[in-house]
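# Summary of the model geometry
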Amino acid sequence: MLICQNILLKNKENILKRLSLSNICQQSNLDSNFSQTCGTYYGLQYLIYGSLFLLSSTFVVFLLIYFLGFLSRINRNILFYSFKPGLLLLQIFTATIILGNSAILIFCIYFAESFYLGMIHVGFMLVLGIGGGIGALNICAIILRPIKQAEIRVFGKLIEKKNYPNLWNYLEHLAHELHTSPPDQIIIGLDPTFFVTEIKLVCLDGQVQGKTLFLSLPFCKVLTKMELTAIIGHEMAHFIGKDTKWSRKFYPIYKSTANTLKSIDSLSNNNDASSLAFVPALIIILVFMNVFEKTEKKISRDRELKADKIGSNLSSESDMATSLLKVYIYQQAWIQTQNLIHKNLLEGKQIINLPDYFYNVCKIMEKDLMHRNFASEHTFHPTDTHPSLYIRLDSLNASPKEKYIEKANVPLNGNASNIIDDVEFLEKMLTELEYS
């Protein structure tokens, strides 16, 4: 009896297997009702396979991003050469995944509505399809758009050698000491920063290209000559390591990634179901930027610390440390100076010499500023990031920090601006232009 029951059960299992939709739908000459059911069945199967393919390919892309990010930390050239093609492939994949997600979303709604409601909102699904198409086209437009050469705008004057021989001789001497070529041009301005770049730069005298050194005239007033030597040594060290060439190539590509992210983000902020199709693509681009941003920051930090060492070799570790402290400390005084300028403008008053005015504000504020907590503050740079102040001081073995902070007072005489020919005329001219 038991044997018969087992045989019957096995027969039922075989019959049930043969009665499965996958087997039935493979038969020819099916009833029309079965044909419609099989069409739905195959549609759902394709939907499952498509979803699994997109999910698995997205997972593979994530793994590749993290793998390339890991490799690029070894050498910044790996970052540059993997970032550009990686961005292009990722943009193509992002456009594809937006279309794929839109299609999956449309079919999910189609099957759900037909099963539960017995009706289909064609217009709604059409809107979803158009939204996905627009998103993909936007990304394709970014891919096809040529990457524009990066450009920096600064408020400063081009310093020609014939008019400023002392400054140029001084810089050429420092370049010779560092075994590098001097900058192609010097720009002096009122911005509270020092930097070098090979990115196209627009100043008050027009557009310049090549290796450019920017000097802050107000901050030259609070530095000694040796402190300025340390800063310029740091900046020109970037020419030795070809850091400026790397930034010139990398910066426009990085900006293109930001444009892709901005395009997807604007489309994903729509308050409708179509925005769901853009979420995975948005996450992928964010992960891509985050991974490579961490690598870029690490590379940037390492090269800044190396440049600090070179700057200190040109002057001394003490001069390098105090120059860094002054740039960090007196940034707050520059903000206060701008506020006072604005107040004077409202009262119909005009300052004749802005760098001198800034120098006096620093003298008044220096004791209060030196007691601020600026351990985690960073200096401004138009294209690169810098390590925090205390990281840079630790790298220079500038300890205890309090000892160097006490030395970061405003020089009473003999500040670094004295190496600039006819500096008072330049200060007054830039002040007049600033007010204009």
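Described below are features of the structure shown in this document.

The rules we used
Residues numbered from 1 in each chain as written. Predicted model: local features only at pLDDT ≥ 70, side-chain atom pairs only at ≥ 80, totals over all residues. Heavy atoms only, no water. Helix = DSSP H or I, 4+ residues; strand = E, 2+ residues; numbered from the N terminus. Contact = heavy atoms within 4.5 Å. Areas by Shrake-Rupley, 256 points an atom, 1.4 Å probe, with all protein chains shown as cover. Patch = residues over 30% accessible without salt bridge, like charges linked within 9 Å, V, L, I, M, F, W, Y side chains within 5 Å. Salt bridge = Lys/Arg side-chain N within 4 Å of Asp/Glu carboxyl O. Axes fitted to C-alpha atoms, helices over the stretch in contact; angles between N-to-C directions. Parallel < 35°, antiparallel > 145°, perpendicular 65-115°, else oblique. Left-handed = near helix turned anticlockwise from the far one by under 90°. Buried < 20%, exposed > 50% of the residue type's maximum accessible area, 1.4 Å probe, protein only. Pairing = 2+ DSSP bridges. Phe/Tyr/Trp six-rings, centres within 6.5 Å; stacked < 30°, edge-to-face > 60°. Lys NZ or Arg CZ within 6 Å of the ring centre and 35° of its normal. Core = buried A, V, L, I, M, F, W, Y, C linked by side-chain atoms within 4.5 Å. Nonpolar A, V, L, I, M, F, W, Y, C, P; charged D, E, K, R; others polar. Polar contact = N/O pair within 3.5 Å; in protein donor to acceptor, adjacent residues only side chain to side chain.

## Here we look at the overall build of the protein chain
Helix and strand counts for the protein chain stand at 16 helices and seven strands. Taking the intrachain contacts of the protein chain between residues at least 6 apart in sequence as the baseline, contacts between residues at least 24 apart amount to 79%. Per element, the accessible surface of the protein chain, about 23000 Å² overall, is 59% carbon and sulfur.

## Here's the deal with a nonpolar patch on the surface
On the surface, a cluster of nonpolar side chains totalling about 680 Å² of accessible area is made up of Y42, Y46, I48, Y49, L52 and L55. Turning to its location among the elements, L52 is positioned in helix α3 (residues 32-72).

## A look at the packing of helix α8 (residues 225-240) against helix α10 (residues 279-314)
Packing of α8 against α10 leaves a shortest axis separation of 7 Å and a crossing angle of 135 degrees. Here α8 lies oblique to α10, going by the angle between them. The two elements α8 and α10 cross, and the hand of that crossing is right-handed. Contacts between α8 and α10 involve M226, T229, A230, G233, H234, A237 and H238 on the former and, on the latter, R303, E304, A307, D308, I310, G311 and L314.

## Describing the environment of I329
Examined against the element boundaries, I329 turns out to sit in helix α11 (residues 317-329). On a C-alpha basis, the gap between I329 and C362 in space is 9.4 Å, while along the polypeptide they are 33 residues apart.

## Remarks on the pattern of salt bridges
Counted by the stated rule, this structure contains nine salt bridges. Here K162 makes a salt bridge to E160, at a shortest N to O gap of 3.9 Å. R392 is the salt-bridge partner of D308, the closest N and O atoms lying 2.9 Å from each other. Taken together, the residues span a long stretch of sequence, with D308 in helix α10 and R392 in helix α14 (residues 389-395) at a distance of 84 residues. According to the relative accessible area criterion, D308 is buried, its value standing at 0%. The buried category is assigned to R392, whose relative accessible area is 3%. One salt-bridge network, held together by shared partners, links K221, D356 and E427.

## A closer look at the sheet that holds strand β2 (residues 156-159)
Spatially, β2-β3-β7-β4 is the arrangement adopted by the four strands of the open sheet, whose pairing is mixed. Looking at strand neighbours, the two that pair on one side only are β2 and β4 (195-197), the edges of this open sheet. The average angle at which neighbouring strand axes cross in this sheet is 25 degrees, direction not considered. As paired strands, β2 and strand β3 (residues 185-189) are joined by four bridges and run antiparallel to one another. Bridge pairing links L158 to I187 in β3. Its contacts with the sheet place helix α6 (residues 165-177) against β2, β3 and β7 (212-216), and it is angled at close to 120 degrees to β3. On the sheet, helix α16 (residues 423-435) packs against β2 and β3 and is oriented at approximately 140 degrees with respect to β2.

## Thoughts on the packing of aromatic side chains
Within this structure, the stated rule accounts for three aromatic pairs. Aromatic side chains F195 and F214 sit 5.2 Å apart centroid to centroid with 10 degrees between the ring planes, which places their arrangement in the stacked category. One end of the pair, F195, is in strand β4; the other, F214, is in strand β7, with 19 residues separating them in the sequence. In this structure F195 comes out as buried when scored by relative accessible area, which is 1%. In this structure an aromatic cluster arises from ring pairing among F219, W334 and F358. Between the NZ or CZ atom of K211 and the centre of the ring of F239, over which it lies, the distance is 4.7 Å.

## A few points about the nonpolar core
L167, I188, F194, L228, I232, Y330 and I420 are the most contacted members of the largest nonpolar core, which totals 62 residues. Leave out the neighbours within four places in its chain, and L228 touches Y170, F194, C220, L223, A416 and I419. In terms of nonpolar packing, the next biggest core, distinct from the first, is built from 24 residues, F93, I97, I98 and V287 among them.

## Concerning unusual backbone geometry
Not every positive phi belongs to a glycine, and H179 is a case in point at roughly 60 degrees. Tracing the chain through its elements places H179 in the loop between α6 and β3.

## Re the packing of α8 against α11
Packed helices, taken two at a time, are described by their axes: the angle between them and the distance between them. The geometry of α8 relative to α11 is characterised by a closest axis approach of 8 Å and an angle of 90 degrees between their N-to-C directions. With respect to each other, α8 and α11 are oriented roughly perpendicular. From α8, M226, E227, A230, I231 and H234 reach across to α11, where they touch D319, M320, T322, S323, K326 and V327. Taken together, the residues that form the contact of α8 with α11 break down as five nonpolar, three polar and three charged.

## A short note on the side chain of T212
With respect to the helices, strands and loops of the structure, T212 is situated in strand β7. Within the structure, T212 has its side chain in polar contact with the side chain of Q185 (distance 2.6 Å). When neighbours within four sequence positions are excluded, T212 is seen to be in contact with Q185, I187, F195, V196, T197, L201 and F239.

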